[in-house]
Amino acid sequence: MPPLVGAIDAGTSSARFILFQAETSKTIASHQIELTKIFPQEGWVEQNPLEILNAVYECISKTIEKFQDDGGQLKDVVAVGVTNQRESTIVWDKITGQPLHNSIVWLDMRTTSTVDQLLDTVPNKTRNKNYLKPLCGLPLSPYFSGVKLKWLYDNDVKIKKAMNSGRCLFGTVDTWLIWNLTGGVNGGVHVTDVSNASRTMLMNIESLKWDPVLINFFNIPQSVLPIIKSSSEVYGVISDGALKGIPLSGCVGDQQSALIGQQCLSPGQAKATYGTGCFLLYNTGTIKVDSMHGLLTTVAYQLGSNTLPVYALEGSVAIAGAAFSWLRDNLNILPSYSDAEDVAEQAPLLEEGNVYFVPAFSGLYAPYWQQDARGVICGITEDTQSSHIVRATIDAVCFQVRDVIEAMNKDYGAKLQSLQVDGGMTANSLLMRLQADLTGITVVKPNMSESTALGAAMVAGAAVGVWDISKKIDLGLQTWLPTFTENERDIRYYKWKEAIERSLGWGN
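Residues numbered from 1 in each chain as written. Predicted model: local features only at pLDDT ≥ 70, side-chain atom pairs only at ≥ 80, totals over all residues. Heavy atoms only, no water.

**Side note on the packing of aromatic side chains**
Here comes step 1: Counted by the stated rule, this structure contains 19 aromatic pairs.
Here comes step 2: Considering the side-chain rings of Tyr143 and Phe144, the 4.8 Å spacing of their centres and the 40° angle between planes classify their relative orientation as tilted. The residues Tyr143 and Phe144 share a single accessibility class, namely buried.
Here comes step 3: Taking the centre distance of 5.5 Å and the plane angle of 15° together, the rings of Tyr365 and Trp369 count as stacked. The burial state of Tyr365 is the same as that of Trp369; both residues are buried.
Here comes step 4: Through a chain of ring-to-ring contacts, the aromatic side chains of Trp106, Tyr143, Phe144, Phe279, Tyr365 and Trp369 assemble into a single cluster.
Here comes step 5: Stacked on the ring of Trp151, the Lys or Arg Arg110 has its end atom at 4.9 Å from the ring centre.
Here comes step 6: Its end group placed over the ring of Tyr493, Arg402 keeps NZ or CZ at 4.0 Å from the ring centre. (Phe/Tyr/Trp six-rings, centres within 6.5 Å; stacked < 30°, edge-to-face > 60°. Buried < 20%, exposed > 50% of the residue type's maximum accessible area, 1.4 Å probe, protein only. Lys NZ or Arg CZ within 6 Å of the ring centre and 35° of its normal.)

Put into C-alpha cells, the structure is as follows:
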C-alpha cells in the first residue's frame, strides 16, 4: 500500500483522526468524537483539556482499529500532523502534567476588561487598539491567546504562582496535544508552529520569534512559552499507544490548514471555512500585507525551518453556524440545523422589503472590531414570519463574508475572482448560491469535506518526504456563479450596512 499520513483535527465542536493516502484526498479510516463546551458565566466559554486529549487518544485508537480490521498494516503509517482550534488557551503544571485551568476557548469574552486595562497602558493615553499591530499583526482584542493568558495570570493566584516559579507551561491546543503525545511529563516536547504562535499577540510577525516588547507589554514570564517551529518538520515521535514511534511532523492552525487543504498555495487565492464562526484567509505569499481595513495579518504556514513563511490576510466572523444553533435552541423556530435551507426557501416575499439580522451576540469581529455591538433584527413588519428570520440568518452569513472580502480587495489591491469554501455549512446550497449572488464572485466547493485535516496531513507528509505539496490533488469541485445584477447586490448590501450601524453601542 502507498504511504499513509494521519491527521489529528482538534476543533471546537469535535476531535477526529483521519488516515489519508499520501498525495491524495483519499481517506482510509477515521473516527470522530464530539467535545463538550462549558459556560461558567454569560460570555465565558471553556473546555476540559483532558477531555480534548482523551478524545484524541480514542479517535486514534478507534481509527487504527478500523484500519487493521480492514487488513491495514501499521508499517504503512509514516507520519502524523496536528491541526487545531486556534487561540484557545491552556496552562498546565509541567511536573504533574495536570491542567491548571480549563481551556479558555477562542470565542470567550471574559477578557474584555483585560483589554480595557491594557488599552490604558498604551503610551500617550491614545488607547489605540492597533498599537501592537506593527509587531504582531493583530489588534488588541479578547480573541487572542496573549490576552487570555494575561487574564489567567491576573485572576488566578495558583496560576500566577506556577508561572512565577517556572512550573507552568502555556500552549494553544496544538502545543498541549504535542507535549502529551511525545511523552508529557516524561520528556514531552513543548512546541508550537508559526501559524498558531502568530495568533498569540506575543510573536513578532517578521522575525517569527517571541518578541520581548510584546512579552513585556503583557507582563508574562517567557518561561511559560513553547519553542516556535515551522509548520512542517519532525517535532518528536509519538511515545505510546497504537502509533508509538511514528513521527509527529506537521502542525498548523485549523484555518491555515484549510487554506493548504484547499490548495490555495498561490498569492491571490482565498478560502472561507463556515463553522461555528466563519474564517476567510487570503494568501499574500511571502509578502506581509499590513491591513488598513480591519483585517489581521497572520502567518499562513512555513514549510520547513529554512524556508520563507507564507503570509495571509484574515477576516474572522464570530457568529456563523452558531446563529442557527441560537434559532434552534433559544427561539425554537428551527427544528434542526439541517432544516435551515428548507425553512428559508419557504419564506414568502415581503412587499416592504427584506428582514436583516446582525448576529453580533458578543460584538463584531472583522472588519469592525466593535466589542460593544449586539444582535439586532431590522425590517420586521406584521407580515414577518419565522421563515424570514431563518432566511435573514443565511443572508447575514453571506453579508459578513462580503464585509471581509471588500476589505481584502482594498488591502491587497486586486479583486478576488473566486472563493474556495469548506466547512459543515457548505452543505446548505442556498447559502452557497446566495454567497455568490451577494458577493458577485464565483464560489467553489470541493466534494471532499475534510480540507482542514487534509492540510495537516499534507504538511506532515511533506516533512518526511512522502507528499509533494506542489502537486495538485483532484478534489472534485462544485461551482456557484453569481446571478444578481450589481445593482441588486449593492441595494441589499447598503441595507445590511444600515443594520450594522443599528447594532453598534448596545453593549455599553
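**A closer look at the pattern of salt bridges**
Here comes step 1: What the rule picks out here adds up to 24 salt bridges.
Here comes step 2: Each of Arg86, Glu87, Arg199, Asp254 and Glu314 takes part in salt bridges that share partners, so that together they form one network. (Salt bridge = Lys/Arg side-chain N within 4 Å of Asp/Glu carboxyl O.)

**Side note on the side chain of Thr439**
Here comes step 1: With respect to the secondary-structure elements, Thr439 resides in helix H13 (residues 429-439).
Here comes step 2: Reaching out from Thr439, the side chain makes a polar contact with the backbone oxygen of Gln435 at a distance of 2.5 Å.
Here comes step 3: Not counting chain neighbours up to four residues away, the residues in contact with Thr439 comprise Arg402, Ile405 and Arg489. (Helix = DSSP H or I, 4+ residues; strand = E, 2+ residues; numbered from the N terminus. Polar contact = N/O pair within 3.5 Å; in protein donor to acceptor, adjacent residues only side chain to side chain. Contact = heavy atoms within 4.5 Å.)

**Points about the nonpolar core**
Here comes step 1: Core analysis: the biggest nonpolar cluster contains 111 residues, and Leu140, Phe218, Tyr274 and Leu419 have the highest contact counts within it.
Here comes step 2: Considering each element in turn, this core owes the most residues, 13 residues, to helix H12 (residues 386-412).
Here comes step 3: For Phe218, the contacting residues outside a window of four places in its chain are Leu118, Leu132, Leu140, Gly146, Val147, Lys150, Met201 and Leu202.
Here comes step 4: In this structure, Ala10, Val82, Trp176 and Trp179 belong to the second largest nonpolar core, which totals 36 residues. (Core = buried A, V, L, I, M, F, W, Y, C linked by side-chain atoms within 4.5 Å.)

**Some details on unusual backbone geometry**
Of all residues except glycine, most have a negative phi; of all peptide bonds, most are trans.
Here comes step 1: Cis geometry is found at the peptide bond from Ala366 to Pro367, where omega equals -5°.
Here comes step 2: As for its placement among the helices and strands, Pro367 is situated in the loop between strand E17 (356-358) and strand E18 (376-378).
Here comes step 3: Phi is positive for Gln263, which is not a glycine, with a value near 60°.
Here comes step 4: Phi angles above zero are rare outside glycine, and Trp369 is one such case at about 55°.

**Side note on the environment of Asn155**
Here comes step 1: Within the secondary structure, Asn155 is located in helix H4 (residues 145-155).
Here comes step 2: Spatially, the C-alpha atom of Asn155 lies 16 Å from that of Val45, the residues being 110 residues apart in sequence.
Here comes step 3: A polar contact of 2.8 Å, which involves the side chain of Asn155, links it to the backbone oxygen of Trp151.

**Things to note about the sheet that holds strand E15 (residues 296-301)**
Here comes step 1: The seven strands lie next to each other as E15-E16-E14-E13-E19-E20-E21, forming an open sheet whose pairing is mixed. In this open sheet, the two edge strands, each paired with only one partner strand, are E15 and strand E21 (477-480). Between one strand axis and the next, the sheet turns by 30° as a mean value, whatever way the strands run.
Here comes step 2: In terms of strand pairing, strand E14 (residues 278-285) meets strand E16 (residues 310-317) through seven bridges, oriented antiparallel. (Pairing = 2+ DSSP bridges. Axes fitted to C-alpha atoms, helices over the stretch in contact; angles between N-to-C directions.)

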